[in-house]
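Residue-level listing of the chains:
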Amino acid sequence: MLKTSVITSGSKGNCILASSGNTNLLIDAGITFKKLNQALQTFEIPSEKINGILISHEHSDHVNGAGVLCRKTKAPLYITVQTYRRCKEKLGELPYPPVHFEVGDTIRINDLTVKTFTSSHDAIDSCNFVIFHQDYPDKQLAIATDLGYSPQILINNLREATTIILESNHDVKMLLEGPYDWHLKQRIKSNVGHLSNEQAVGVISQIISDKLEHLFLAHLSEINNSPDLAYNLMNNFLTSISATTKLIMTSQTEHTPLFNV
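This is a predicted model, so every value here is computed, not measured.

The rules behind the values
Residues numbered from 1 in each chain as written. Predicted model: local features only at pLDDT ≥ 70, side-chain atom pairs only at ≥ 80, totals over all residues. Heavy atoms only, no water. Helix = DSSP H or I, 4+ residues; strand = E, 2+ residues; numbered from the N terminus. Rg over C-alpha atoms; globule rule 2.2 N^0.38 Å. Buried < 20%, exposed > 50% of the residue type's maximum accessible area, 1.4 Å probe, protein only. Contact = heavy atoms within 4.5 Å. Areas by Shrake-Rupley, 256 points an atom, 1.4 Å probe, with all protein chains shown as cover. Lys, Arg positive; Asp, Glu negative; His and termini not counted. Charge placed at Lys NZ, Arg CZ, Asp CG, Glu CD. 1 Å grid on protein atoms, 1.4 Å probe; cavity = no way out; pocket = protein on both sides within 12 Å on 5 of 7 lines; lining within 4 Å. Points joined across faces, edges and corners; volume = space filled by probe spheres on them. Nonpolar A, V, L, I, M, F, W, Y, C, P; charged D, E, K, R; others polar. Salt bridge = Lys/Arg side-chain N within 4 Å of Asp/Glu carboxyl O. Pairing = 2+ DSSP bridges. Axes fitted to C-alpha atoms, helices over the stretch in contact; angles between N-to-C directions. Arc of directions from axis to C-beta.

A.B. asks: Explain the overall build of the chain to me, please; I cannot follow it from the model alone.
C.D. replies: When helices and strands are counted, the chain shows nine helices and 14 strands. Against the compact-globule benchmark of 18 Å for 261 residues, the chain has a radius of gyration of 17 Å, which places it among compact chains. Each of the three principal axes of the chain carries a C-alpha extent, and together these read 45 × 40 × 35 Å. For the chain, buried positions account for 56% of its 261 residues. Of the contacts formed within the chain by residues at least 6 apart in sequence, a portion of 63% connects residues at least 24 apart. Accessible area of the chain: about 11300 Å², with a carbon and sulfur share of 48%. Computing the positive centroid from 22 side-chain charges and the negative centroid from 26, the chain places the two 4 Å apart.

A.B. asks: Even after reading the chapter, I still don't get empty space enclosed by the protein, so can you show me in this structure?
C.D. replies: Empty pockets left among the atoms are what a rolling probe the size of a water molecule brings to light. In the structure shown here, the tally under the stated rule is one cavity of 30 Å³ or more. Lining the largest cavity are 14 residues, and of these Thr8, Ser9, Asn14, Ile16 and Thr145 sit closest to its centre. Of all the secondary structure elements, the ones that give two or more residues to the lining of the largest cavity are β1 (3–8) and β2 (15–19). Across the lining of the largest cavity, the residue classes tally to seven nonpolar, six polar and one charged.

A.B. asks: Quick question: what am I supposed to make of the pattern of salt bridges here?
C.D. replies: A side chain of one charge can pair with a side chain of the opposite charge if their charged atoms are brought near each other. The tally for this structure, following the rule as stated, stands at six salt bridges. In this structure, Arg86 engages Glu58 in a salt bridge whose closest nitrogen and oxygen atoms are separated by 3.5 Å. On the criterion of sequence distance, the pair formed by Arg86 in helix α4 (residues 81–91) and Glu58 in the loop between β4 (50–54) and α2 (60–63) is long-range, its members being 28 residues apart. Under the relative-accessibility criterion, Arg86 is labelled exposed at 54%. Since its relative accessible area comes to 11%, Glu58 is described here as buried. For the salt bridge of Glu177 with Lys173, the shortest nitrogen-to-oxygen distance reads 3.1 Å. Taken as a pair, Glu177 and Lys173 lie in helix α6 (residues 172–177) at a separation of four residues, close to a single helical turn.

A.B. asks: Just to check I follow, could you spell out the sheet that holds strand β14 (residues 259–260) for this structure?
C.D. replies: Strand pairing in a sheet is mediated by backbone hydrogen bonds. Such pairs are either parallel or antiparallel. If you walk across this open sheet you meet the seven strands as β6-β5-β4-β3-β2-β1-β14, and the pairing is mixed. The open sheet terminates on both sides in strands that have one partner only, identified here as β6 (99–100) and β14. Two strands pair when backbone bridges link them, and β2 and strand β3 (residues 24–27) are joined in this way by four bridges, in the antiparallel orientation. Pairing of Ser19 across the sheet is with Asn24, part of β3. Contacts between helix α1 (residues 33–42) and the sheet are confined to β1, β2, β3 and β4, with β1 contributing the most and set at about 145° to the helix. Contacts from α4 reach β5 (77–79) and β6 within the one sheet, and its direction differs from that of β5 by about 135°.

A.B. asks: Quick question: what am I supposed to make of α1 here?
C.D. replies: Two residues of an α-helix separated by three or four positions point the same way, owing to the 3.6 residues in each turn. Buried within α1 are the following residues: Phe33, Leu36, Asn37, Ala39 and Leu40. Mapping the buried residues of α1 onto a view down its axis gives an arc of 160°, with all of them on the same face. Exposed and oriented more than 90 degrees from the buried face of α1 are Lys34 and Gln41. Looking at the buried residues of α1, the elements they touch are β1, β2, β3, β4 and α3 (66–73). After α1 finishes, the residue Glu44 shows a positive phi value of roughly 60°.

Right, dumping it as structure tokens:
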């Protein structure tokens, strides 16, 4: 059975654990080894049991710790060629040559299958992931963050997921009235920026079914959002349609428990 925890999520660093018990994958590595190891100890997973680190794109909050984590865990790095070229110097020397994939590829890592699909973000080769165990293909984890909008390819890849980690980055009013300069506000609101709370609800409204057991709201802005705003908006929608989906908030400072996918 596949389990997942969002170890940290936000502009200061992102990292997600997907674990089958036999195989442990990290999705993104924008954190320190110390912070990762603290979470892994909670889950009783030795750091040397990490089997791979997948990178979604080259922005620092997703790759800052990747080189160190690879060296400490001796895990291979899975990354597209273009993304690797953008952050090669930051990564430093790796214990193994990077394993390159193209966005759209399906990757097999031991008993886990990882489907990759393109995401709309201002990065060179940005992607998102769907992960499932070979013996439980109907239990799927979808990870969808750093999205400017929700194209049909996103909706198609979320439909079968039983657990979704979805960006709910900002409240539009807080963003527009907040301290960021106008150029940055435009970037965040653009089709290659980040999903607002309202857009996150719009995504879920298109794919919600009894199949969706867990929904994590992720990548919340500390400046342009609040956990209460994001939670209440999504929870009100789920309540209005009598959905049984469990809603889970992620944090920049604390990891979530391990949930069955």
